[in-house]
Amino acid sequence: NAGVTQTPKFQVLKTGQSMTLQCAQDMNHNSMYWYRQDPGMGLRLIYYSASEGTTDKGEVPNGYNVSRLNKREFSLRLESAAPSQTSVYFCASMKGNSYEQYFGPGTRLTVT
Amino acid sequence: QKEVEQNSGPLSVPEGAIASLNCTYSDRGSQSFFWYRQYSGKSPELIMFIYSNGDKEDGRFTAQLNKASQYVSLLIRDSQPSDSATYLCAVNLGGSYIPTFGRGTSLIVHP
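An account of the accompanying structure is given in this report. (Residues numbered from 1 in each chain as written. Chains lettered and ligands numbered in written order. Predicted model: local features only at pLDDT ≥ 70, side-chain atom pairs only at ≥ 80, totals over all residues. Heavy atoms only, no water.)

## Description of unusual backbone geometry
Here the bond from Thr7(A) into Pro8(A) is cis, since omega is -5°, no more than 30 degrees from zero. If you trace the backbone, Pro8(A) turns up in the loop between β1 (4-7) and β2 (10-13). Across the junction of Gly9(B) and Pro10(B), the peptide omega takes the value 10°, indicating a cis bond. One non-glycine residue with positive phi stands out, namely Gln70(B), at about 60°. By the secondary structure assignment, Gln70(B) is in the loop between β7 (61-66) and β8 (71-76). The backbone of Asp78(B) sits at a positive phi, close to 50°, despite the residue not being glycine. Checked against the element boundaries, Asp78(B) lands in the loop between β8 and β9 (85-91). (Helix = DSSP H or I, 4+ residues; strand = E, 2+ residues; numbered from the N terminus.)

Right, dumping it as structure tokens:
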């Protein structure tokens, strides 16, 4: 099992460019999450998907969109990147109703 | 407004000592508590979880819950330099489906 995978690992964007961060899990988990992590701020939830076909906003959704493509895949899109979106982005999935989360390796995004 | 609080540290302990990490939470109705370890440049990894029915021990790690004072602790016995990392506390506040993370405590174990 690969667990949770994310692509790309690193990305540099110019202000105003768009991109999609990809996430996939092979653990048959229903719930998936997107977080950003900034120094001193901990993990902040951007969007989550409790099950295939549903998505909901988290703490910091502005400037982002998501798509739950199927049970395995959950993508995060930046339509017009801003320097404030420079961060490390983590995707996670949750095991059943246990609330145990499993994280992908992260994407380090820099917006100049 | 964060409702799960952790001292950012760093907490520095000598090798072989007990490291004690604490996390306070705001909602008395919370029942699920998690500890994640995050090495520098890596993703968080779940290492311990407890529910409201008591403490838990797993090898050198013990998670303890004090519901009256609303805090949860992680004890690491016989600390090793490889335990040096940031430890994130997560709580399902009030039984929420979504966990809330603290900002993490940096632990340094020096030889």
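So much for the structure itself; the text now carries on.
## Focus on the packing of aromatic side chains
One pass over the full model with this rule turns up 13 aromatic pairs over all chains. Look at Tyr36(B) and Phe101(B): their rings are 5.4 Å apart centre to centre, the planes differ by 50°, and that puts the pair in the tilted class. Pair noted here: Tyr36(B) is in strand β4 (residues 32-38) and Phe101(B) is in strand β10 (residues 100-101), with a separation of 65 residues, a long-range link. Ring pairing ties together the aromatic residues Tyr33(A), Tyr35(A), Tyr48(A), Phe90(A), Phe103(A), Tyr36(B) and Phe101(B), which thus form one cluster. The ring of Phe49(B) is capped by Lys56(B), whose NZ or CZ atom sits 3.7 Å from the centre of that ring. (Phe/Tyr/Trp six-rings, centres within 6.5 Å; stacked < 30°, edge-to-face > 60°. Lys NZ or Arg CZ within 6 Å of the ring centre and 35° of its normal.)

## Description of the pattern of salt bridges
Per the stated rule, a full pass over the model turns up six salt bridges over all chains. For Asp38(A), the salt bridge goes to Arg44(A), with nearest N and O atoms at 2.8 Å. Assessed through its relative accessible area of 11%, Asp38(A) is described here as buried. Of the charged contacts in the structure, one is a salt bridge between Arg77(B) and Glu57(B), with a shortest N-O distance of 3.5 Å. Note that Arg77(B) is positioned in the loop between β8 and β9 and Glu57(B) in strand β6 (residues 56-58), a separation of 20 residues in sequence. (Salt bridge = Lys/Arg side-chain N within 4 Å of Asp/Glu carboxyl O. Buried < 20%, exposed > 50% of the residue type's maximum accessible area, 1.4 Å probe, protein only.)

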